[in-house]
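Report on the structure
Residue strings, one per chain:
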Amino acid sequence: MRDPAPRTIHLKDYAPFGWCIEHVDLTFDLHPTATRVRSRIAFRPNPATEDRSFFLHGENLKLIRAAIDGTEIAPDLVEGGLTCAVPDAPFTWEAEVQIDPAANTALEGLYMSNGMYCTQCEAEGFRKITFYPDRPDVMAVFTVRINAPRDSVPELLSNGNGEKFGADLTTDPGMHYAIWHDPWPKPAYLFALVAGDLVSVEDSFTTMTGRHVKLAIWVRPGDEDKCAFAMEALKKSMTWDEEVYGREYDLDEFNIVAVDDFNMGAMENKGLNIFNSSAVLASPETATDVNFERIEAIVAHEYFHNWTGNRITCRDWFQLCLKEGLTVYRDSQFTADLRSAAVKRISDVIDLRARQFPEDQGPLAHPVRPESFQEINNFYTATVYEKGAEVIGMLKRLVGDEAYRQALDLYFARHDGQACTIEDWLRVFEDVTGRDLTQFKRWYSQAGTPRLTVEEHYYDGTYTLTFTQHLKSGATTPDPQPQVIPIAVGLLGANGDEVVPTTLLEMTQETQSFTFEGLAAKPVPSILRDFSAPVILDRDTTSAERAFLLAHDTDPFNRWDAGRALARATLIGMARKDTRPDPAYLDGILAVLRDDTLDPAYRALMLSLPGQSDLAAAIHETGATPDPMRIWRATETLKQALAETCRDLLPGLYARCQMDEPYRPDARQSGLRALGNAALSLLTRLDGGAQAATQYAGATNMTQQLGALGCLLAANMGQDELAAFYRQWRHERLVIDKWFMLQIVHADPARAAAITRRLTDHADFNWKNPNRFRSVFGALSMNHAGFHAADGAGYALLADWLIRLDAVNPQTTARMCSAFQTWTRYDAGRRAHARAALERILARDGLSRDTNEMVSRILAAGGGA
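This report concerns the structure included in the present document. Every chain's residues receive numbers from 1 upward, in the order its sequence appears when written. Per-residue local features are limited, in this predicted model, to residues with pLDDT of at least 70; the limit for side-chain atom pairs, both in listing and counting, is 80 or more; totals at the level of whole chains, interfaces and linings are taken over all residues. Only hydrogens and water are removed before side-chain values are computed, so all heavy atoms of the structure are retained for them.

**Considering the overall build of the protein**
Only DSSP runs of H or I with at least four residues qualify as helices, and only runs of E with at least two residues qualify as strands; both kinds are numbered from the N terminus onward. Helices and strands together make up the secondary structure of the protein, namely 27 helices and 31 strands. Once the C-alpha set of the protein is aligned to its principal axes, its extents read approximately 85 × 65 × 60 Å. Throughout this description, buried means an accessible area under 20% of the type-specific maximum (1.4 Å probe, protein chains only), exposed means over 50%, and partly exposed covers the range between. Burial statistics for the protein: of 865 residues in total, 59% are counted as buried. We call two residues in contact when some of their heavy atoms are within 4.5 Å. Pairs at least 24 apart in sequence give 70% of the contacts found in the protein among residues at least 6 apart. Total accessible area on the protein is roughly 32400 Å²; 50% of this is exposed by carbon and sulfur atoms. Positive and negative charge centroids in the protein, built from 88 and 117 side chains respectively, lie 4 Å apart. Residue-level accessible areas treat just the shown protein chains as cover; the underlying method is Shrake-Rupley with a 1.4 Å probe. His is not counted, nor are the chain ends, whereas Lys and Arg count as positive and Asp and Glu as negative. In this description, the location of a charge corresponds to atom NZ of lysine, CZ of arginine, CG of aspartate or CD of glutamate.

**Describing the sheet that holds strand S31 (residues 536–538)**
In space, the four strands of this open sheet follow the order S29-S26-S25-S31, with mixed pairing throughout. Either end of the sheet is taken by a strand with one partner, and the two such strands are strand S29 (511–516) and S31. Mean inter-strand twist for the sheet, computed between neighbouring axes without regard to direction, equals 25 degrees. Taken together, the nine bridges between strand S25 (residues 451–459) and strand S26 (residues 462–470) define a ladder with antiparallel strand orientation. Residue Glu456 lies in a different strand from S26, and its bridge partner there is Leu465. The pairing criterion is simple: DSSP has to find at least two bridges between the two strands. Angles run from 0 to 180 degrees between N-to-C directions of axes, and those axes are lines fitted to C-alpha atoms, restricted for helices to the stretch in contact.

**Looking at the packing of helix H16 (residues 667–687) against helix H17 (residues 690–698)**
Helix-helix packing is characterised by the crossing angle of the two axes and by the distance between the axes. Where H16 contacts H17, the axes come no closer than 7 Å and their chain directions differ by 130 degrees. What the angle tells us is that H16 and H17 run oblique. Across the interface between the two elements, Asn677, Leu680, Leu683, Thr684 and Asp687 from H16 touch Ala690, Gln691, Ala692 and Gln695 from H17. The class makeup of the residues in the contact of H16 with H17 is four nonpolar, four polar and one charged. Any angle that is under 35 degrees is reported as roughly parallel, and any over 145 degrees as roughly antiparallel; angles of 65 to 115 degrees are reported as roughly perpendicular and all others as oblique. Note on residue classes: Ala, Val, Leu, Ile, Met, Phe, Trp, Tyr, Cys and Pro are nonpolar, Asp, Glu, Lys and Arg are charged, and everything else, Gly too, is polar.

**Side note on the pattern of salt bridges**
Put simply, a salt bridge is a Lys or Arg side-chain nitrogen that is within 4 Å of an Asp or Glu carboxyl oxygen. Across all of its chains, the model carries 68 salt bridges by this definition. For Arg36, the salt bridge identified is with Glu96, shortest N-O distance 2.9 Å. In this pair, Arg36 is assigned in strand S3 (residues 35–45) and Glu96 in strand S9 (residues 91–99), connecting sequence segments 60 residues apart. Judged by relative accessible area, which is 27%, Arg36 ranks as partly exposed.

**Digging into the sheet that holds strand S18 (residues 212–219)**
Strand order in the open sheet formed by five strands is S17-S18-S19-S21-S20, with mixed pairing between adjacent strands. At either margin of the open sheet sits one strand with a lone partner, and together these are strand S17 (199–206) and strand S20 (266–267). Two elements, S20 and strand S21 (residues 272–276), share two bridges in a ladder whose sense is antiparallel. Looking across to S21, one finds that Ala266 is bridged to Phe275. Those strands touched by helix H2 (residues 289–304) are strand S19 (253–259), S20 and S21, and its axis lies near 150 degrees from that of S21.

**Quick notes on unusual backbone geometry**
Backbone torsion omega between Glu122 and Ala123 reads 10 degrees, so that peptide bond is classified as cis. Along the chain, Ala123 falls in the loop between strand S11 (116–120) and strand S12 (140–149). Despite not being glycine, Asp460 has its phi angle at roughly 50 degrees, a positive value. Residue classification places Asp460 among the exposed residues on the basis of a relative accessible area of 66%. Although it is not a glycine, Leu528 adopts a positive phi angle of roughly 70 degrees.

**Looking at the packing of aromatic side chains**
Classification of ring pairs uses Phe, Tyr and Trp, with its six-membered ring standing for Trp, and accepts pairs whose centres are within 6.5 Å; under 30 degrees between planes counts as stacked, over 60 as edge-to-face, and the remaining range as tilted. Using the criterion set out here, one finds 48 aromatic pairs in the structure. Ring geometry for Phe126 against Tyr132: centres 5.1 Å apart, planes inclined by 75 degrees, an arrangement best described as edge-to-face. The exposure classification of Phe126 matches that of Tyr132, with both residues buried. It is Arg315 that lies over the ring of Tyr14; its NZ or CZ is 3.7 Å from the centre. For a Lys NZ or an Arg CZ to count as sitting over a ring, it must be within 6 Å of the ring centre and within 35 degrees of the ring normal.

**Focus: helix H6 (residues 401–415)**
Taking 1.5 Å as the rise per residue, H6 with 15 residues should run 21 Å; its terminal C-alpha atoms sit 21 Å apart, in good agreement. Listed in full, the buried residues belonging to H6 are Ala403, Tyr404, Ala407, Leu408, Tyr411, Phe412 and His415. Among the residues trailing H6, Gly417 stands out with phi positive, at a value near 80 degrees. In this scheme, a helix's expected span is set at 1.5 Å multiplied by one less than its residue total.

**A look at the packing of helix H13 (residues 612–621) against helix H14 (residues 628–645)**
It is the contact of H13 with H14, at a shortest axis distance of 10 Å, that shows an interaxial angle of 120 degrees. On the basis of their axis angle, the class for H13 and H14 is oblique. Handedness of the H13/H14 crossing: right-handed. Here Gln612, Leu615, Ala616 and Ile619 of H13 lie close against H14, whose contacting residues are Ile631, Trp632 and Thr635. By definition, turning the near helix anticlockwise from the far helix through less than a right angle yields a left-handed crossing, and turning it clockwise yields a right-handed one.

**Topic: the pairing of S9**
Successive residues of a regular strand alternate their side chains across the two faces of the sheet. By the criterion of burial, S9 is predominantly enclosed, with nine of the nine residues buried. Of the two faces of S9, the one carrying Phe91, Trp93, Ala95, Val97 and Ile99 and the one carrying Thr92, Glu94, Glu96 and Gln98 are both buried. Here nine bridges tie S3 to S9, and the two strands are oriented antiparallel to one another. Within the sheet, the bridge partner assigned to Ser39 lies in S9 and is Ala95. Here strand S5 (residues 62–68) pairs with S9 via six bridges, running antiparallel. What sits directly across from Arg65, in S9, is Glu96.

**Quick word on the pairing of S26**
Burial analysis of S26 places seven of its nine residues in the buried class, the great majority of the element. Pairing geometry for S26 and S29, over six bridges, is antiparallel. Looking across to S29, one finds that Tyr463 is bridged to Phe516.

This is a description of form; function is not addressed.
Right under this line is the structure:
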């Protein structure tokens, strides 16, 4: 049996629920296989609608009892919930249900994680806890009582402030209870409960108005020494949100819990954030600089949701970008302020181009605000999050910093305690600025990545740039219309001086010209500075012009992007026509590495090459068929050429990046280690791994140890070090995730599938744990030529495991299906293998709605499903 036939939900069909909720009282009697949940909910008619139909969502619930105003009833149990007759006046609903947390392997609702009770309710998990109107526009105040055995479940946590704790002496002296009250109305997706054998690392924070807030990070015994950085990140986030957005925390407690089995990175539940362990636990010995920065950003992101997501939430799930796009933008600002704005911007764009651009151009394309969905879990996407954040950034560029702050102040004041829409969001900007944002709103409704073509003309001191915007029509955007595109432009003279500083051009027409006058000579344009809009810039430029911008552009992003464009062009030529590496690129990178005035982290980014999937997309866009193995060989050849070009520089550069001081994961030290390890990867191609082996042997932190091990594995060496690494860290679950991942990412493509298959037989491969599954199969999909092997072994192996996982965890399965989204760009043989794998998944008996929707959409791109 499959899941029930998927039903498509449309934005246009939104209607408010007929009832408001005054208060929710929940009582949990915890038991691993038979938890009882008693609910008491005060309903009143919703004045916004005359519809008084009454339907409560519910899944996998055993109804024990139901009553209205104290009178027991027998509601009609229907697919997806229950319904019954109710008074046309305020009433109190009561229900008691039984659920089985231990059997809940989907990790939605209330489930068990290594003996710990844990919840995940976004998007629709609360309906697996009790019968309830599980929709984000139904907000209520919650009071929660948790009863559990004291010895086996000593800590009992929920949202809000802890009001009462004690032993339940009247029933069983071995039981105890806790009562939590959250005074702020919230939708059910923000409900949280965690209970188990936990210890806390505590601190405090005093808000700008003097409120004393108790802070605690709850972890399993033994993980206490990995919480300090997350706690500091939390306090920095609280301070930053007060200083930059004027937002103050509003409860007496803020709790974070680290959970091993978690589908997401973290969840912003009001007052009780639940984190994937990988997003909170870190020490210098077990976490890399990249891990530390990720933890800092995720802690900030979830904390910032307190206002942009919790106090103001989304009316329906079509408005998901309202909370996620805005909060991603805010956490990017935070990281830019704490670290390097230029490095952060470049990193964000690398991620956007690698994950969101392919999504926008493939079978999974959808607008930032979708018009319809079958399974909402499938729309927690790069388009909603990262492109949604880019839309916020464009809006801020267009209205300016001061108007942006005024609009946000109005947004918080006007909509506090409400469930809102994109229209509500844009209206505050219109009210503050007087602008009509009707055309700008197309960024929320049109799918796809706009392409900008550029023509230039110079005559008698006047320079004209003419832009044309193109947006490919598709199923969700059949008739695309011109969008508002902010284009930041600067002009450089022949000697590299900036003759026109950064100027923001506002493009509103399909074709539009902009003129610069009073110039002494034809300038070199620097277009789309700071990546001012999420578009693809199509402009024919010479290698010489790119090299000029790499040497002289005053905009850090465009200088990096010029180097990236040089690398991309030379790699495409090498992959398609066996051309030699472009000397302009090699010489340009050598000059950058010699410039010690540049931020080390920035220089490390300059050394990184375009991703192989990105190169395959670029080749496909020319009408040619990309060959993953030729792309891999071209990449390896260019890395070797870089090493040879920089041979004399590398030893000294590497040496200057080494530090004899206590480890800190701050911007300065992290940048030096990033550049040092980038140099080491090239040195390893020249010295047979000698320096990498020395670094591994003497490493005192995970960044240096893992960096050296990666260099050795990439050079087909390091098996002794790999075995030693496992012996050293076999009891550290998050480090062993790295051990799995590193072997597959750095595998020779011809062996990638075989190595992955071998690792799935390892005793530590717990495929039901999302982190461990992603560490293996996420790594396989990242090994571009290995996953897209001509014999289809990569496709077949992933399909085997997705079929197995779907019955256990549909959400993780569906998200991993995105590895197949580019299958139609390759040759007929690879397409046949990919289609066979996808059709095998789709044919699985009992396939989940989540996976069915994803695979069907992906197959449809090739004329299937």
